Amino acid sequence: NRLMTLYFAGAGFSYYYIMLSYYRRNKVDSTKILRYVILFFIVLMAGFYSVRLLAGRVSSEQTELLQYISSYAGGSIKLFDMFINDPVISDLWGKETFIPIHKTLQSWGIEHYPSYIAHKEFRELNGIGLGNVYTAYRAWYADFGMSGIVFLGGFVAAFYNYFYYKIRSRSIYNHRFMLIIYGYMSSGLFLHSIQDDFFPYFVSLGFLSILLLFWVLYYIVIKKGWL
């Protein structure tokens, strides 16, 4: 799907920038990189617009390119603002932030709270549908208020900062597995303005199984070179 395209794009850019910085010994023209990112984003959004009908977005058939891109780029900001003014109160600790944990506890019979759908409500403004993506801050605010935004947002920032400089401070060839995982987890950064990808995807038992699978593939394909 189209969201998966963003995952691949974010991972690819992360790999490119880190390896470029490593080989050029931190002598990287950040302004030039930023121009590439902006150009790539424009092309990506144009691609999103071109295949919108194939992806089932029939309601946007009459929507122009600029309006469609503006909705994707800024709609989440307005939706979060609307949510602040008309919030949906969370009736379960971490209901929107720690969805996989609740599902795991339910499957184990530890938590007897009824299963719920993770998708958020759709909203519209002046008759125009804005969708149901509210930035990463929606879940944190709904579950824990402003303190959730401060502490959970700070934790995410510290995690990626530490992870990034851990890779940069050592030889890439000795930490290739860390580099692969960083790229895989980069969606938590690049989709921050759309949704929270960190806690729902990476704080779960499912992610541990993915790490194990990645390690097996890394060991077979890269470490031993059997394929």
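Details of the structure are given in the entry above.
All figures in this text were calculated on a predicted structure; none of them were measured in a lab.

**Regarding the overall build of the protein**
Looking only at helices and strands, the protein features nine helices and two strands. Walking the protein from its N terminus toward its C terminus, one meets helices and strands in the order α-α-α-α-β-β-α-α-α-α-α. C-alpha extents for the protein along the principal axes are approximately 55 × 50 × 35 Å. Expressed as a percentage of the 227 residues in the protein, the buried residues total 36%. The contacts of the protein with a sequence gap of at least 6 include a subset with a gap of at least 24, amounting to 63%. A total of about 14100 Å² of accessible surface is found on the protein, and carbon and sulfur atoms cover 66% of it. Side chains of the protein carry 20 positive and 13 negative charges; the gap between the two charge centres is 19 Å.

**Overview of the nonpolar core**
The nonpolar side chains of a soluble globular protein tend to be buried with one another. Core analysis: the largest hydrophobic core is formed by 31 residues, its most contacted members being I18, W140, Y160, Y182, M185, F198 and F199. Among the elements of the structure, α1 (2-23), α3 (65-85), α5 (137-168), α6 (176-185), α8 (198-202) and α9 (205-223) are those that each provide at least two residues to this core. At 10 residues, the largest contribution of residues to this core is made by α5. Among residues more than four places away in sequence, those in contact with F199 are T97, F98, W140, L152, F155 and V156. Listed in part, the seven residues of the second largest apolar core include L6, L44, M45 and I69.

**Observations regarding the environment of L191**
Inspection of the secondary structure puts L191 in the loop between α7 (187-190) and α8. In this structure, L191 is in contact with L3, L6, Y7 and D197, ignoring residues within four places of it in sequence.

The rules behind each value
Residues numbered from 1 in each chain as written. Predicted model: local features only at pLDDT ≥ 70, side-chain atom pairs only at ≥ 80, totals over all residues. Heavy atoms only, no water. Helix = DSSP H or I, 4+ residues; strand = E, 2+ residues; numbered from the N terminus. Buried < 20%, exposed > 50% of the residue type's maximum accessible area, 1.4 Å probe, protein only. Contact = heavy atoms within 4.5 Å. Areas by Shrake-Rupley, 256 points an atom, 1.4 Å probe, with all protein chains shown as cover. Lys, Arg positive; Asp, Glu negative; His and termini not counted. Charge placed at Lys NZ, Arg CZ, Asp CG, Glu CD. Core = buried A, V, L, I, M, F, W, Y, C linked by side-chain atoms within 4.5 Å.

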